[in-house]
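Architecture and fold: a report
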Amino acid sequence: TTGVHAAWLPPEAFRALGSRRVLVQGAEAGAPAGTVHEEVARACAAYGGRVGRGPGGETGPYDLVLALTGAGSALPEPARAQARSARGTLGDEGFLLARRGGVTVVLADAPAGLLYGLFHVVRLGESAFGGEDGGDGKDGGDGKDDLPAAVHRPALRTRMLDHWDNLDVHPVMGQVERGYAGGSIFWRDGGPRGDLPRVRAYARLLAAVGINAVSVNNVNVHAAETRLLTERLGDVADLADAFRPYGIRLHLSVNFASPVVLGGLPTADPLDGDVRAWWGKAAARVYEAIPDFGGFVVKADSEGQPGPFTYGRSHADGANMLAEALAPFGGEVHWRAFVYDHTQDWRDRSTDRARAAYDHFAPLDGEFAANVVLQVKHGPMDFQTREPVSPVIAAMPATRLAVEFQVTQEYTGQQRHVCYLGPMWSEILGFQPWGGADDGRRTVAALVADPAAGGGLVAVSNVGDDPYWTGHPLAQANLYAFGRLAWAPHADPVALLDEWIDLTFVPLLSRDPAPLRRALHAMMDGSWRTYERYTAPLGVGFMVRPGHHYGPDVDGYEYTPWGTYHYADRDGVGVDRTRATGTGYTGQYPQPWSEVYESQERCPDELLLFFHHVPYGHVLHSGATVVQHIYDTHFAGADEAARTRSHWRELAGAGLVDAALHARVLERLDEQVRCAREWRDQVNAYFLRKSGVPDAHGRHIP
Ligand code: GCU
């Protein structure tokens with residue numbers, strides 16, 4: 001849509017495809033296969049190719065065949081033979097890609113697979129047709145540019161983005177809770193925003209990275225949003241219509257107290273017959289309007305939201321009631337595990353917020369209905385820059401689990417700082433909760449991918465009505481990487497960055513992209529660790545300004561009810577979560593982690609202060625003392641932020657990126673450099689004053 005940045009789907013990214021002769025077979029099957037035909041037709045109109053729907057003759061021979069395996073004899077060779085042997089093996093979303101005799105073939109059993117196959121071809125560019133140099137794609141079958149048949153399937157069944165969008169501007173949170181990219185693309189002034197082309201453009205970007213589910217309203221469901229389930233269902237259906245052509249199912253966050261708020265019932269008790277009947281009818285109405293509706297997302301008994309605790313019921317009772325209402329229609333409940341006491345007394349050293357999700361949910365393993373997915377934040381606290389992996393993930397083998405990430409950068413620079421999160425997410429996905437030995441080869445990714453038990457990967461979206469979608473243009477890479485990691489959790493995050501660069505910037509260039517590529521890698525590959533260096537040290541977390549969570553405030557949360565403390569005094573810092581002397585949180589992990597984290601000697605440096613309270617003179621594996629590490633990393637991190645800006649400045653005027661985009665990024669980098677210095681100085685001054693230990697290198701600490 002006009003005035004909106006094309007992100008990773010500029011028209012130029014379709015040049016290779018659009019200059020070919022393409023057969024799209026199966027488009028008549030409707031959405032989303034029809035979308036494939038539309039995409040190809042648009043690309044061919046722009047770049048001189050031709051698109052056909054028939055087996056040959058009228059536009060053939062073809063360079064590219066995109067077809068459903070069921071097409072059979074309607075296909076030209078070599079696609080026909082391949083379809084015969086692949087048929088029924090590709091699944092709902094998978095596709096096969098091959099190239100033989102100068103013809104590139106994409107086959108899928110189901111329409112969604114065809115769509116993902118198309119976007120894969122877009123990503124490959126010329127190399128889908130025999131490579132940059134050799135292949136003109138018309139060499140007529142000497143076999144030199146053949147590609148063996150490769151099957152691509154998503155590792156995870158659900159690949160979802162949650163929007164924390166409110167219908168109107170919320171007095172404290174703005175319109176999009178923790179949103180840093182303007183207003184909602186769905187809602188405005190209490191109703192639909194009415195820009196469905198923008199929603200469609202968003203759906204298209206998401207489909208291109210493999211996302212297949214979205215929820216369109218905030219998990220904190222306020223009064224107006226509660227009514228999306230009833231009076232506003234028509235508006236929700238309009239959004240579902242915009243997502244459907246791209247294979248994306250729509251979900252709603254619902255208010256657990258809806259039977260009271262909307263239905264006028266005296267209770268929302270999940271075991272009450274009238275309450276159950278109310279939800280059953282509500283679900284039936286939703287499916288009448290949206291036959292492929294995905295289901296409900298629920299934040300219950302969490303930060304003030306209503307839930308089953310009010311009625312003395314368990315979270316399994318609550319989730320299963322909603323599951324029962326959705327089950328006849330194939331819907332699912334995403335029940336969030338973010339349950340903790342947000343009104344704790346900071347004086348009470350026995351309560352540990354990190355323990356809460358496990359304490360509440362692990363005992364319920366096996367009690368959730370088959371269409372309940374327990375949605376667990378990746379760490380035990382709240383999307384901090386560095387946290388251990390949540391122990392809930394290993395504790396519930398009989399429960400379908402989805403892991404929740406935060407693409408929106410609430411705690412990682414709020415889209416003013418460059419912070420590429422792909423490396424963090426890939427560490428989490430590769431984490432082995434039972435260690436690396438024998439039966440312990442299972443990773444977080446494998447757990448959420450389990451075809452029987454898996455729930456998938458969910459993230460809070462970073463998108464708003466900003467012309468660059470994400471406020472900071474480089475934050476688009478986080479959205480890109482999230483989708484791709486949900487499809488292929490073991491993909492290399494730096495390679496994903498290259499993919500993103502290749503689609504977003506390179507197709508627009510007529511000159512050598514190498515300097516741009518080098519600069520972006522220098523700025524982004526290590527940016528998460530840079531951010532970690534100048535913010536809260538060694539896994540201790542928070543130290544952010546209360547409320548909006550931007551910028552440093554070391555003691556901002558220290559004496560509040562939120563459970564997010566660092567316990568720094570003149571002798572040391574950190575939270576003792578050991579079994580021996582602390583809160584016992586380490587005991588929530590299986591071996592070996594329960595022992596590794598319990599031990600000051602074995603605990604990884606980056607998590608030391610999450611698990612242990614240590615003296616400032618404690619020596620890390622790196623050889624530095626804790627306090628010297630704090631000084632060193634804060635000086636280094638702020639310097640790295642300044643270097644990040646220099647890399648970008650050097651690109652100015654080189655014609656490698658659009659001038660407006662360059663200016664937007666530069667303005668954000670100025671703020672990042674300022675804020676990183678502020679972090680450096682506040683954290684360093686704080687620990688110098690607490691500890692009295694001078695910097696070994698005599699640098700200036702205010
Ligand atoms: C964080 C965030 C809230 C959000 C909550 C959640 O605490 O600051 O804005 O509502 O997470 O995930 O529910």
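Model, not experiment: these values are computed from the prediction.

**As for the overall build of the protein**
- When its secondary structure is counted, the protein shows 22 helices and 20 strands.
- Reported as C-alpha extents along the three principal axes, the dimensions of the protein are approximately 85 × 65 × 55 Å.
- The proportion of buried residues among the 702 residues of the protein is 53%.
- For the protein, the share of sequence-separated contacts (at least 6 apart) that also reach a separation of at least 24 residues comes to 69%.

**So, the site of the ligand**
- As a matter of local geometry, the ligand sits amid Glu177, Arg178, Val219, Asn220, Lys299, Glu303, Phe338, Asp382 and Glu410.
- Its residues assigned to classes, the shell around the ligand shows two nonpolar, one polar and six charged.

**Quick word on the confidence of the model for the protein**
- Across the protein, the average pLDDT comes to 95, with 97% of residues at or above 70.
- Segment residues 133–140 is flagged for pLDDT under 50; beyond a separation of four residues in sequence, or across chains, it makes 14 contacts in the model.
- The complex model carries a pTM of 0.97, and its ipTM stands at 0.99.

**As for the pairing of strand S15 (residues 332–336)**
- In terms of burial, S15 is a largely internal element, five of the five residues being buried.
- Here S15 shows a buried face lined by Glu332, His334 and Arg336 and a second buried face lined by Val333 and Trp335.
- Judged from the four bridges that link them, strand S14 (residues 295–298) and S15 form a sheet pairing that is parallel. Considered in S15, the bridge of Val297 is made with His334.

**Topic: the sheet that holds strand S6 (residues 147–152)**
- Judged by pairing direction, the sheet is mixed, and its six strands sit side by side in the order S2-S1-S3-S5-S4-S6 without closing on themselves. The outermost strands of the open sheet, each flanked by one partner alone, are strand S2 (50–52) and S6. Shown here is a sheet whose adjacent strand axes are inclined to one another by a mean of 15°, direction ignored.
- Looking at chain direction, strand S4 (residues 95–100) and strand S5 (residues 103–108) are connected through five bridges and run antiparallel. Considered in S5, the bridge of Ala98 is made with Val105.
- Helix-sheet contacts for helix H2 (residues 33–47) involve strand S1 (21–25), S2 and strand S3 (64–68), and the interaxial angle to S1 is about 165°.
- Along the sheet, helix H3 (residues 79–86) makes contact with S3, S4, S5 and S6, crossing S5 at roughly 30°.

**Describing the packing of helix H9 (residues 273–289) against helix H10 (residues 315–326)**
- Closest axis-to-axis distance for the H9/H10 pair is 8 Å, and the angle between their directions is 45°. With respect to their mutual orientation, H9 and H10 come out oblique. Between H9 and H10 lies a crossing of right-handed hand. Residues Arg276, Trp279, Gly280, Ala282 and Ala283 of H9 pack against Met321, Leu322, Glu324, Ala325 and Leu326 of H10.

**Regarding the sheet that holds strand S13 (residues 249–253)**
- On the basis of which strands lie adjacent, the closed barrel formed by eight strands has the order S7-S12-S13-S14-S15-S16-S17-S18 and parallel pairing. Averaged over all pairs of adjacent strands, the angle between their axes in this sheet comes to 25°, without regard to strand direction.
- Relative to the sheet, H10 contacts S14, S15 and strand S16 (372–377), its axis offset from that of S15 by approximately 160°.

**Notes on the UniProt feature "domain: Glycosyl hydrolase family 67 C-terminal" (unreviewed entry) in the protein**
- What UniProt calls "domain: Glycosyl hydrolase family 67 C-terminal" (unreviewed entry) maps, in this numbering, to residues 470–699.
- This span, residues 470–699, is 48% helix and 2% strand, and a straight line between its end C-alpha atoms measures 37 Å.

**Considerations on the pairing of S14**
- As paired strands, S13 and S14 are joined by three bridges and run parallel to one another. Note on S14: the bridge partner recorded for His251 is Gly295.
- In this fold, S14 hands off to H10, which returns the chain to S15; that crossover is right-handed.

**Structural notes on the domain arrangement of the protein**
- Assigned domains of the protein: these are domain 1 (11–152), domain 2 (159–504) and domain 3 (531–575 + 613–691).
- Between the C-alpha centres of domain 2 and domain 3 the distance comes to 28 Å.
- The interface of domain 2 with domain 3 comprises 27 residues on the first partner and 25 residues on the second.

**Here's the deal with helix H22 (residues 659–691)**
- Given a rise of 1.5 Å per residue, 33 residues ought to cover 48 Å, and the 47 Å separating the end C-alpha atoms of H22 matches this to within 8%.
- All buried positions along H22 are accounted for by Val665, Arg668, Leu669, Gln672, Cys675, Ala676, Trp679, Arg680, Val683, Asn684, Phe687 and Ser691.
- Contact partners of the buried residues in H22: helix H18 (527–534) and helix H21 (626–650).

**Regarding the packing of helix H5 (residues 196–208) against helix H7 (residues 233–243)**
- Closest axis-to-axis distance for the H5/H7 pair is 8 Å, and the angle between their directions is 45°. One finds that H5 runs oblique with respect to H7. Handedness of the H5/H7 crossing: right-handed. Where H5 abuts H7, its residues Leu196, Val199, Arg200 and Ala203 lie against Asp238, Leu239, Ala242 and Phe243.
- Looking at the contact of H5 with H7, its residues break down into six nonpolar, no polar and two charged.

**Thoughts on the nonpolar core**
- Formed by 213 residues in total, the largest nonpolar core has its most connected members in Leu66 and Leu107.
- The contact partners of Leu66, leaving out residues within four places of it in the chain, are Val22, Leu23, Val24, Val36, Val106, Leu114, Gly117 and Leu118.

**Remarks on the environment of Thr504**
- Structurally, the position occupied by Thr504 is in helix H16 (residues 493–504).
- Looking at Thr504, the number of C-beta atoms within 10 Å reads 24, which means it is buried.
- Sequence-wise, Thr504 and Arg99 are 405 residues apart; in three dimensions their C-alpha atoms are separated by 26 Å.

**Things to note about unusual backbone geometry**
- The step from Glu77 to Pro78 runs through a cis peptide bond, and the omega angle for that step is 5°.
- Looking at the secondary structure, you find Pro78 in the loop between S3 and H3.
- Here the bond from Gln591 into Pro592 is cis, since omega is -5°, no more than 30 degrees from zero.
- On the secondary structure map, Pro592 appears in the loop between strand S19 (572–573) and helix H19 (593–598).
- Despite not being glycine, Trp469 shows a phi value in the positive range, around 75°.

**Details of the environment of Pro388**
- For Pro388, the location among the structural elements is in the loop between S16 and helix H12 (392–395).
- A tally of 25 C-beta atoms within 10 Å means that Pro388 is categorised as buried.
- On a C-alpha basis, the gap between Pro388 and Thr1 in space is 41 Å, while along the polypeptide they are 387 residues apart.
- Apart from the residues within four sequence positions on either side, Pro388 is in contact with Gly379, Pro380, Tyr597, Leu607 and Phe610.

Here is what the cut-offs are and how they apply
- Residues numbered from 1 in each chain as written.
- Predicted model: local features only at pLDDT ≥ 70, side-chain atom pairs only at ≥ 80, totals over all residues.
- Helix = DSSP H or I, 4+ residues; strand = E, 2+ residues; numbered from the N terminus.
- Buried ≥ 20, exposed ≤ 12 C-beta atoms within 10 Å, placed from the backbone.
- Contact = placed C-beta atoms within 7 Å.
- Near = placed C-beta within 6 Å.
- Nonpolar A, V, L, I, M, F, W, Y, C, P; charged D, E, K, R; others polar.
- pLDDT = per-residue confidence, 0-100.
- Pairing = 2+ DSSP bridges.
- Axes fitted to C-alpha atoms, helices over the stretch in contact; angles between N-to-C directions.
- Parallel < 35°, antiparallel > 145°, perpendicular 65-115°, else oblique.
- Left-handed = near helix turned anticlockwise from the far one by under 90°.
- UniProt positions renumbered as here; feature names shortened; annotations may be inferred.
- Right-handed = clockwise from strand over helix to strand, strands pointing away.
- Domains from an automatic or database assignment.
- Expected span 1.5 Å × (residues − 1).
- Core = buried A, V, L, I, M, F, W, Y, C linked by C-beta atoms within 7 Å.

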